[in-house]
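Fold and geometry: a report
These are the residues of each chain, in order.
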Amino acid sequence: MKRTTIKLADGRELIYFDLVDSADRDALDGRMLEPVESQAELRLDRATGDWVAIATHRQGRVHHPPTDICPLCPSSDGHSSEIPAPAYEVVVFENRFPSLAGRIGRCEVVCFTSEHAESFADLSEDRARLVLEAWIDRTEQLASLAGIEQIYCFENRGAEIGVTLAHPHGQIYAFSFIPPRTTKMVAVADTHRAATGRNLFEDLLAEARSAASRVVIAGEHWTAFVPYAARWPFEVHLYPHRRIPDLTRLTEAERAEFPVIYLELLRRFDRLFIQEGGAAVAAPTPYISAWHQAPKSGGSELALHLELFTVRRSADKLKFLAGVESGMESFVNDISPEVAAARLREVAS
C-alpha cells in the first residue's frame, strides 16, 4: 500500500491510499479557498450527562449536488473537486464542514472509489481491503492526537438515512469525549465482568455461534450474526473471533478475510428487497455501517465489532423512529432476529 499526503488549498489534509507504489499523486489543488473556520462547540445535556455538538456552520454544506459537480468525484477539466487527482483508489480528507474540530475533535471523509455510480458492495476484495487499511491507518493516527478519546469509522448510505452526497463514501469521527452508546456498552460490560468474571462481548459471540438460527456468515476469523435483541428490522453484527480493542490489532489473516465476509454481507443487504419487491425497488438498500472501537479511557472490556443495519423493513416500508423510539429510546422491532437471519441466509451469493 502507498500512502501519499498533500494539503488542499485551504490547508486541510488529504491522504491518497493506493494499491501500487507507482501511483502519481502530484496534482495540486488549484481552487481559491478560504481557511475553514469551524464554529463547532460541545454542550453538556445536564439531564442525561450526554455531550451534544452544536455546529451551525454545517447548514451551508453541499446538499444533493448534480453528478457533474459532485465534490467527491475526481477533478477534471472544468470541475475542481475536493480531490485534485483525475482518478483515485481510496482517499481520506478533512471534512470542510466538520461536526467536530480543533480541541473538540476531528472529522474526516473517506471516499471508497472515484466511480460515482458504484457503492461499497461493488468494490473488489483488494479495494475493500484498501479501505480497511485506510480505516486502520486513520484509527492509529487520530488516536495519537492529544485529547482524543475514541475513533469512530462509519458509512451512511441512502437518502433515507439522510445522506446528502450520493458518491460512495464514509466518515471518521475522532471524539474528544466518549459518546453515549459507548458509555452504555462499557458500563454493561463492566457489570457483566463483575458478575460473571467473563467478557460480555466474548459471551455474545459465543452465544450467537452456538445459536445457528441467528448466524448469517461464519468464517475462519469472523462471524456475522443477528443479535438476540436486534433493534432494527435487518441488523447484523460482525465480530472477529479474537477479542481486540480496535482495528489496529487485526492480524494479517483477519484483515485478509474481512473483505470476503463484509462484501458478501453488503451484497445480501442489496438483494433482500430486490427479490421481495422486484422492479419496485430501484434504489440500493439504505444502511448504516458502524465500527465500534474501545475508547482510550476505561474501555478495556469493549471489543472491536461492526454493526450493520437498514431502516428498511420491507420493499415499500421504512422503520421510522417515532414517539417511543425517539422520545424514550425504547426500540420496538417488527421482525424477529431469527427471521431476519434466515432471510439473509436465503439471499447468499
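Before any of the text, the structure's been laid out above.
One structure accompanies this document, and this report is about it. (Residues numbered from 1 in each chain as written. Predicted model: local features only at pLDDT ≥ 70, side-chain atom pairs only at ≥ 80, totals over all residues. Heavy atoms only, no water.)

**Remarks on the packing of helix α2 (residues 180-196) against helix α3 (residues 200-210)**
Between α2 and α3, the least distance of the axes is 8 Å, while the angle of their chain directions is 85°. The orientation of α2 relative to α3 falls into the category roughly perpendicular. On the side of α2, the interface is formed by M185, V188, A189 and H192, while α3 contributes L200, F201 and D203. Here the contact of α2 with α3 is built from residues that sort into five nonpolar, one polar and one charged. (Axes fitted to C-alpha atoms, helices over the stretch in contact; angles between N-to-C directions. Helix = DSSP H or I, 4+ residues; strand = E, 2+ residues; numbered from the N terminus. Parallel < 35°, antiparallel > 145°, perpendicular 65-115°, else oblique. Contact = heavy atoms within 4.5 Å. Nonpolar A, V, L, I, M, F, W, Y, C, P; charged D, E, K, R; others polar.)

**What to know about unusual backbone geometry**
We note that E329 has phi near 55°; this positive angle belongs to a residue other than glycine. With respect to the element layout, E329 can be found in the loop between α5 (323-328) and α6 (337-346).

**Quick look at a nonpolar patch on the surface**
A contiguous nonpolar surface patch, about 290 Å² in accessible area, is contributed by V324, M328 and V332. By the secondary structure assignment, V332 is in the loop between α5 and α6. Since its relative accessible area comes to 44%, V332 is described here as partly exposed. (Patch = residues over 30% accessible without salt bridge, like charges linked within 9 Å, V, L, I, M, F, W, Y side chains within 5 Å. Areas by Shrake-Rupley, 256 points an atom, 1.4 Å probe, with all protein chains shown as cover. Salt bridge = Lys/Arg side-chain N within 4 Å of Asp/Glu carboxyl O. Buried < 20%, exposed > 50% of the residue type's maximum accessible area, 1.4 Å probe, protein only.)

**With respect to the pattern of salt bridges**
One pass over the full model with this rule turns up 31 salt bridges. One salt bridge connects E41 with R43, and the closest N-O pair in it is separated by 3.2 Å. Among the salt bridges present, the one from R157 reaches D270, with a minimum N-O distance of 2.4 Å. Residue R157 is located in strand β7 (residues 150-157), and its partner D270 is located in helix α4 (residues 252-277); the two are separated by 113 residues in the primary sequence. The residues R157 and D270 share a single accessibility class, namely buried.

**Looking at the pairing of strand β9 (residues 215-218)**
When β9 meets strand β10 (residues 222-225), the two strands line up antiparallel, connected through three bridges. Residue V215 lies in a different strand from β10, and its bridge partner there is F225. (Pairing = 2+ DSSP bridges.)

**Points about the sheet that holds β9**
The eleven strands are arranged β1-β2-β5-β6-β8-β7-β12-β13-β11-β10-β9 in an open sheet whose pairing can be described as antiparallel. Only two strands of the sheet have a single partner each, and these edge strands are β1 (2-7) and β9. If you compare each strand with its neighbour and ignore which way they point, the axes differ by 20° on average. The pairing of strand β2 (residues 13-18) with strand β5 (residues 90-94) spans four bridges and is antiparallel. Its bridge partner being in β5, L14 is matched across the sheet by F93. Set on the sheet, α3 makes contact with β9, β10, β11 (234-240) and β13 (305-310); between it and β10 the angle comes to about 75°.

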